[in-house]
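Given next are the chains, with one letter for each unit.
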Amino acid sequence: MADVLVVGGGIVGLLSALNLSDRGLSVTVIDAGGQRPPASWAGGGILSPLFAWRYPDPMNRLTHDATARYRALVDRLRGKAGLRASDLHDSGLWAAVDGDERRQALSWASAWGVSCQEAPLSRHLSAAPEREGVWFAEIGNLRNPRLLKALRATLVGQGVTFVNAAVDVVRPGARGAELTLSRGGTVSAPRVLLCAGAWTSALLAPLGVRLPLFPAKGEMLLYRLPPGRVPTIVLTDEGYLIPRADGAVLAGSTLNPGDATTHPTVTGRWALQAMAASLLPELASVTPSHHWAGVRPGSDRDWPYLGPVPGTSGVFAAAGLHRNGLVAAPASAELLVRLMCGETPSLDPADYSLSGAPS
Ligand SMILES: Cc1cc2nc3c(=O)[nH]c(=O)nc-3n(C[C@H](O)[C@H](O)[C@H](O)COP(=O)(O)OP(=O)(O)OC[C@H]3O[C@@H](n4cnc5c(N)ncnc54)[C@H](O)[C@@H]3O)c2cc1C
């Protein structure tokens, strides 16, 4: 029997498994795999909760140092499954804001110790339409699919077991829980972490935990441009461009609350192509090389639920990371694992409790 069962092998599950394995615990990750592709693969990898100043403090506490946390992780995992230092791209992030909101962004940056300058878009992206905004030099972006592969390879190397199966039922016991697998059979452990992304709510509901969660489909496009053509993340209310170090530029994203399908659509493609060309007109004549979709673990709340599942002993959950699960994952996994191991967390767990929500 493993010390800990982790249900879900997205970014939250893999980072939690790494933290647990680093503490010497034996860990099994159970993941539904291809049947339910992780949002963590589909996401854009922006290491900021988009317009960070629009979010409450509990989200900013999880995310303000995400680029530094991922830098340390990429340094540790470099070389595994082809992961390179440049897969964490120090691109900076330019955000379209004007008037009062520009002042809010500057004052948020000063409060959180993040460097921020007023700058028109043309300073960062030649041939772009003129727009006012702010630029954050220290916010980067992550090539998330490659990081996921590197994490998995590292975990296998550390003796973590992976089981390819969906968990259908969670039956809490005196300590931990017994899990019924869709392919038949059960597994149990004294500690269980439910982090199945958009599907976590289906595991929690039979345990009497009902949170305002929903699936939220998102689509993305990838363009191939010369490296450096888009030097920084360009973020607007209509959408964004994310440059990778090799010249790939991601354009995202659509947002369809309530939709749990994972196929890309013609409507999504047209909407993203129009958005991308509005930010960088030359993209109107470039054919995207990839188009995909993922399902975010949506939530009505602007920050996630992380912690013990009420009414159980040793069962924990992560839910509702919505549009910001990649940026929030390192601090979320740390909080969860500290709680699971009886250590003092560095964040106040009450802010993230599943039992009810303080502000
Ligand atoms: C288009 C798009 C763009 C995005 N861009 C960004 C961004 O730029 N920055 C950012 O921070 N976030 C972004 N996100 C959001 C981010 O990707 C998610 O919030 C995050 O990946 C959620 O991680 P997770 O580990 O909670 O869930 P997931 O990554 O969805 O992983 C859940 C895993 O659980 C498995 N599973 C499900 N049910 C079961 C079950 N019953 N039993 C066993 N396994 C199960 C699934 O197969 C899956 O592998 C984006 C998302 C999308 C879709």
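Everything here concerns the structure above.
My aim in this report is to walk through the structure given alongside it, one point at a time. Residue indices follow the written sequence of each chain, beginning from 1 at its first position. The model is predicted, so local features are restricted to residues of pLDDT at least 70 and side-chain atom pairs to those at 80 or more, both for listing and for counting; the totals for chains, interfaces and linings are taken over all residues. Values shown for side chains rest on all heavy atoms present in the structure; no hydrogens or waters enter the calculation.

Glancing now at the sheet that holds strand β2 (residues 27-31). Taken together, the six strands give an open sheet; going across it, the order is β8-β2-β1-β12-β20-β19, and neighbouring strands pair in mixed fashion. In this open sheet, the two edge strands, each paired with only one partner strand, are β8 (161-164) and β19 (305-308). Averaged over neighbouring strand pairs, the angle between their axes works out to 15 degrees when direction is ignored. Across four bridges, β2 lies against β8 in parallel orientation. Residue pairing across strands places T28 opposite T161, the latter belonging to β8. What makes two residues a contact is simply this: any of their non-hydrogen atoms within 4.5 Å. Fitting a line to C-alpha atoms yields each axis, with helices limited to the stretch in contact; the angle taken between N-to-C directions then spans 0 to 180 degrees. Helical segments are the DSSP runs of H or I of at least four residues, strand segments are the runs of E of at least two, and each set is numbered from the N terminus. Sitting on the sheet, helix α9 (residues 325-340) touches β1 (4-7), β12 (191-194), β19 and β20 (315-319), and the angle it makes with β19 is about 15 degrees. A strand pair is defined by DSSP finding two or more bridges across the two strands.

The geometry of an aromatic ring pair comes down to the distance between the two centres and the angle between the two planes. Geometry of aromatic contacts follows a simple scheme: Phe, Tyr and Trp rings, the Trp one being its six-membered ring, pair when their centres are within 6.5 Å, and the pair is stacked under 30 degrees between planes, edge-to-face over 60, tilted otherwise. Tallied over the entire structure, the rule returns five aromatic pairs. Taken together, the aromatic side chains of F51, W53, W108 and F136 make up a single cluster linked through ring pairs. Geometrically, a charge over a ring is one whose NZ (Lys) or CZ (Arg) sits within 6 Å of the ring centre while staying within 35 degrees of the ring normal. Sitting above the plane of the F51 ring, R54 keeps its charged end 3.8 Å from the centroid. Over the face of the ring belonging to Y305 we find R301, whose NZ or CZ atom lies 3.8 Å from the ring centre.

A helix's residues, less one, multiplied by 1.5 Å, set its expected span. Compared with the 16 Å implied by 1.5 Å per residue over 12 residues, the 16 Å span of helix α1 (residues 11-22) between its first and last C-alpha is a close match. A 1.4 Å probe rolled over the protein chains alone gives each residue an accessible area, and that area as a share of the maximum for its type sets the label: buried under 20%, exposed over 50%, partly exposed in between. The element α1 is largely enclosed, with a buried count of 10 among its 12 residues. Of all the positions in α1, only I11, V12, G13, L14, L15, S16, A17, L18, L20 and S21 are classed as buried. One or two residues past the end of α1 sits G24, with phi positive at roughly 90 degrees.

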